[in-house]
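# A closer look at the structure
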Amino acid sequence: MDLVEEAPYRFRIDRHDPMRVPGVVFASRALLPDAAGDQSLEQVANVATLPGIVGASYAMPDVHWGYGFPIGGVAATDLAEDGVVSPGGVGFDISCGVRLLAADLDRAELVGHLDAVMDALSAATPRGVGRGAVWQLADRAELDAVLRGGSRYAVERGHGNARDLDRCEDYGAVDDADPAQVSERAVQRGQQQVGSLGSGNHFLEVQAVEEVYDAQVAAAFGLRPGQVCVMIHCGSRGLGHQICTDHVRAMEQVMPRYGIEVPDRQLACAPVSSPQGRAYLGAMAAAANYARANRQVLAEAARRVFATRTGRSLDLVYDVSHNLAKIEQHRVDGATRRLCVHRKGATRALPPGHSDLPDDLRPVGQPVLIPGSMGTGSYVLTGVPGAPAFASTCHGAGRVQSRRQATKAVRGHDPRREIEARDIAVRGASRRGLAEEMPAAYKDVAAVVEAAEGAGLCRRVARLVPIGVVKG
DNA sequence: ATGTTC
């Protein structure tokens, strides 16, 4: 793959047939994927062949190999040019994302309570593959209410407060969810998982604000040095996974009908305006709302723990997804166009002044939440004006080892002890689960964030360090 | 990521 370094932290893959647009990779040279074990740059080029794609096929600094599209990829298609939507451009974990809560508590005040808080969070957070959830939905009708209403419905049912919704992307729910496009099997998988963490890289962490880069913006976000926070990273569980599976299959079957050819069958797609495109977007929106409700009720469970064990509250800083496609308006070549923006392992990063931000955040921009690898720290960023890639930035550290490689790499090591040796309390997680998530399996999140900022995608606001982690 | 291979 030929890369042209066209600016600091910016490489170009020149357009060649059948690409419709170039590829653009935002990264330092050191962060570029290793071609030997990772074909994500070929995937960037493959995505550039999609009908209706505009600008470029973009990759964030944490890019790595994924299903069809790279994880860390951003691609926008023009609705007026028969642009397509592709489930592979969203990923299996639809609306997987991050929620950050800030405690009215300083790190020093938590010291004596940490074990009790961690034990209580562990008990209050259903996790791992399979069942167990905070919220027992009454019936299918209530699941449909979750699919339509997301965090708004959760709050309506007592899981949180009205102010929470101002601090959620889309005020807690996306429009146009269509539960009728969610298969019976997806419904069955989703019925008993609202309020569950899942496994893999999903976690609930107690963290502390270690460093503030912009005091004014941090204060507007509700963050101060030394403050205790809770970060939750999870998604739409089996429901989102099943929806992705179902709609990839449906699109594979109809692509010839639309005359669409793609270089990888995992790029299955259909025009946004087609019945299959609309069906996917309706089901995807339902899964997005499910994921938001999931994070809302997990956060509420964490709040109850903090109230009981410390007497302190947890205020929502923000909740944002990093696996989603959205219909958005952007300026392209001097004209405003309606685009289907796919962000897969990429986070929306609205700049200051954006009309979709609530009043108190509009002057400073959207909080962007970046979880690091386990035990290494996380970042809070904000959007910047005039950024490339349709107001998007990175989503995390990004894998450099496959799960299999990571499992092999810990032979002869004790992963739990190595995390605890960093003064981080660990609750839950199998040996293999920890092995797959060890820092060595990931890029350095600090380098990823430096590259994202250097490329003009976002700006650093604060860095958080882990105190305790609850894992599946 | 995932009732970790319909």
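All of these numbers come straight from a predicted model, not from anything done at the bench.

## Details of the overall build of chain A
- Check the secondary structure of chain A and you find 13 helices and 19 strands.
- A compact globule built from 472 residues should have a C-alpha radius of gyration of about 23 Å, and chain A, at 21 Å, falls within 12% of that.
- Across its three principal axes, chain A shows a C-alpha extent of roughly 65 × 50 × 50 Å.
- Split into buried and exposed, the 472 residues of chain A put 61% on the buried side.
- Of all intrachain contacts in chain A linking residues separated by at least 6 positions in sequence, the fraction that spans at least 24 positions is 76%.

## Points about the UniProt feature "binding site: Mn(2+) 2" (unreviewed entry) in chain A
- With numbering aligned to this structure, UniProt lists the feature "binding site: Mn(2+) 2" (unreviewed entry) at His233 and His322. In sequence the annotated residues extend across 90 residues, while in space they remain close, none of their C-alpha pairs exceeding 10.3 Å.
- Reaching out from His233, the side chain makes a polar contact with the backbone oxygen of Asn201 at a distance of 3.2 Å.
- Judged by its relative accessible area of 3%, His322 is buried.
- Beyond its immediate sequence surroundings of up to four residues, His322 is in contact with Cys96, Gly97, Val98, His233, Arg343, Lys344, Gly345, Ala346, Thr347 and His395.

## Describing the environment of Ala283
- When you line up the elements, Ala283 lands in helix H9 (residues 275-310).
- Assessed through its relative accessible area of 0%, Ala283 is described here as buried.
- Separated by 31 residues in sequence, Ala283 and Glu252 place their C-alpha atoms 17 Å apart.

## As for the packing of helix H4 (residues 140-156) against H9
- Running from amino to carboxyl end, H4 crosses H9 at an angle of 40°, the nearest separation of the two axes being 7 Å. The orientation of H4 relative to H9 falls into the category oblique. Classified by chirality, the crossing of H9 by H4 is left-handed. Judged by residue contacts, Leu143, Val146, Leu147, Arg148, Gly149, Gly150, Ser151, Ala154 and Val155 of H4 engage Ala285, Ala286, Asn289, Tyr290, Arg292, Ala293, Gln296 and Val297 from H9.
- Here the residues of the contact of H4 with H9 are counted per class, giving 10 nonpolar, five polar and two charged.

## As for the UniProt feature "binding site: Mn(2+) 1" (unreviewed entry) in chain A
- UniProt marks Asp93 and His202 with the feature "binding site: Mn(2+) 1" (unreviewed entry), using the numbering shown here. A maximum C-alpha distance of 10.9 Å places the annotated residues, which cover 110 residues in sequence, within one compact spot.
- Among the secondary structure elements, Asp93 is positioned in the loop between strand E6 (84-85) and strand E7 (97-106).
- Discounting residues that sit within four places of it in the chain, Asp93 has contacts with His202, Gly235, Ser236, Arg237 and Asn323.
- Those residues in contact with His202 that lie beyond four places of it in its chain are Asp93, Cys96, Leu197, His233, Cys234, Gly235, Lys471 and Gly472.
- A polar contact of 3.2 Å, which involves the side chain of His202, links it to the backbone oxygen of Leu197.

## Some thoughts on the protein's contact with DNA strand B
- Close contacts around DNA strand B come from 15 residues, with Arg189, Ser199, Gly200, Asn201 and Arg403 the closest.
- Per the 4 Å cut-off to the protein, sugar and phosphate atoms form 52% of the nearby atoms of DNA strand B.
- Between Arg185 and DNA strand B, the recorded distance is 3.5 Å, taken from a side-chain N or O atom to a base nitrogen.
- Between His241 and DNA strand B, the recorded distance is 3.4 Å, taken from a side-chain N or O atom to a base nitrogen.
- If you list the elements that add at least two residues to the surface near DNA strand B, you get helix H6 (184-190) and helix H8 (237-254).
- For the surface near DNA strand B, the leading source of residues is H8, giving three residues.

## Regarding the side chain of Thr310
- Looking at the element boundaries, Thr310 is found in helix H9.
- Residue classification places Thr310 among the buried positions, given a relative accessible area of 17%.
- There is a polar contact of 2.6 Å between the side chain of Thr310 and the backbone oxygen of Phe306.
- Separated by 3.2 Å, the side chain of Thr310 and the backbone nitrogen of Arg312 make a polar contact.
- Residue contacts for Thr310: discarding those within four places in its chain leaves Leu105, Leu110, Val117 and Val305.

## Comments concerning the nonpolar core
- Counting residues in each nonpolar core, the largest one holds 94 residues, and the members touching the most others are Tyr58, Met60, Val182 and Phe390.
- A per-element tally of this core places H9 first, with 11 residues.
- Dropping the residues within four chain positions of it, Phe390 is found in contact with Val54, Tyr58, Val74, Ala76, Glu328, His330, Val332, Leu339, Val341 and Arg343.
- Of all hydrophobic cores here, the second largest spans 31 residues; its members include Val317, Val320, Val410 and Val426.

## A closer look at the side chain of Thr347
- Positionally, Thr347 belongs in strand E14 (residues 347-348).
- Within the structure, Thr347 has its side chain in polar contact with the backbone oxygen of Cys394 (distance 2.8 Å).

## Some details on the packing of aromatic side chains
- The full count for this structure, using the stated rule, is five aromatic pairs.
- Ring plane angle 20° and centroid distance 5.7 Å describe the contact between Trp135 and Tyr153, whose orientation is recorded as stacked. Placement of the pair is Trp135 in the loop between helix H3 (114-124) and H4 and Tyr153 in helix H4, with a sequence separation of 18 residues.
- By relative accessible area, which is 8% here, Trp135 ends up buried.

## Details of the pattern of salt bridges
- According to the stated counting rule, one finds 35 salt bridges in the structure shown.
- Between Glu109 and Arg312 there is a salt bridge; the shortest N-O distance is 2.8 Å. A residue pair is termed long-range when its members are at least 10 positions apart, and Glu109 in helix H2 (residues 107-110) and Arg312 in the loop between H9 and strand E11 (314-321) qualify at 203 residues.
- Owing to a relative accessible area of 36%, Glu109 belongs among the partly exposed residues under this scheme.
- Connected through shared salt-bridge partners, Glu169, Asp170, Arg292, Lys326 and Arg348 make up one network.

Conventions adopted
- Residues numbered from 1 in each chain as written.
- Chains lettered and ligands numbered in written order.
- Predicted model: local features only at pLDDT ≥ 70, side-chain atom pairs only at ≥ 80, totals over all residues.
- Heavy atoms only, no water.
- Helix = DSSP H or I, 4+ residues; strand = E, 2+ residues; numbered from the N terminus.
- Rg over C-alpha atoms; globule rule 2.2 N^0.38 Å.
- Buried < 20%, exposed > 50% of the residue type's maximum accessible area, 1.4 Å probe, protein only.
- Contact = heavy atoms within 4.5 Å.
- UniProt positions renumbered as here; feature names shortened; annotations may be inferred.
- Polar contact = N/O pair within 3.5 Å; in protein donor to acceptor, adjacent residues only side chain to side chain.
- Axes fitted to C-alpha atoms, helices over the stretch in contact; angles between N-to-C directions.
- Parallel < 35°, antiparallel > 145°, perpendicular 65-115°, else oblique.
- Left-handed = near helix turned anticlockwise from the far one by under 90°.
- Nonpolar A, V, L, I, M, F, W, Y, C, P; charged D, E, K, R; others polar.
- Near = heavy atom within 4 Å.
- Core = buried A, V, L, I, M, F, W, Y, C linked by side-chain atoms within 4.5 Å.
- Phe/Tyr/Trp six-rings, centres within 6.5 Å; stacked < 30°, edge-to-face > 60°.
- Salt bridge = Lys/Arg side-chain N within 4 Å of Asp/Glu carboxyl O.

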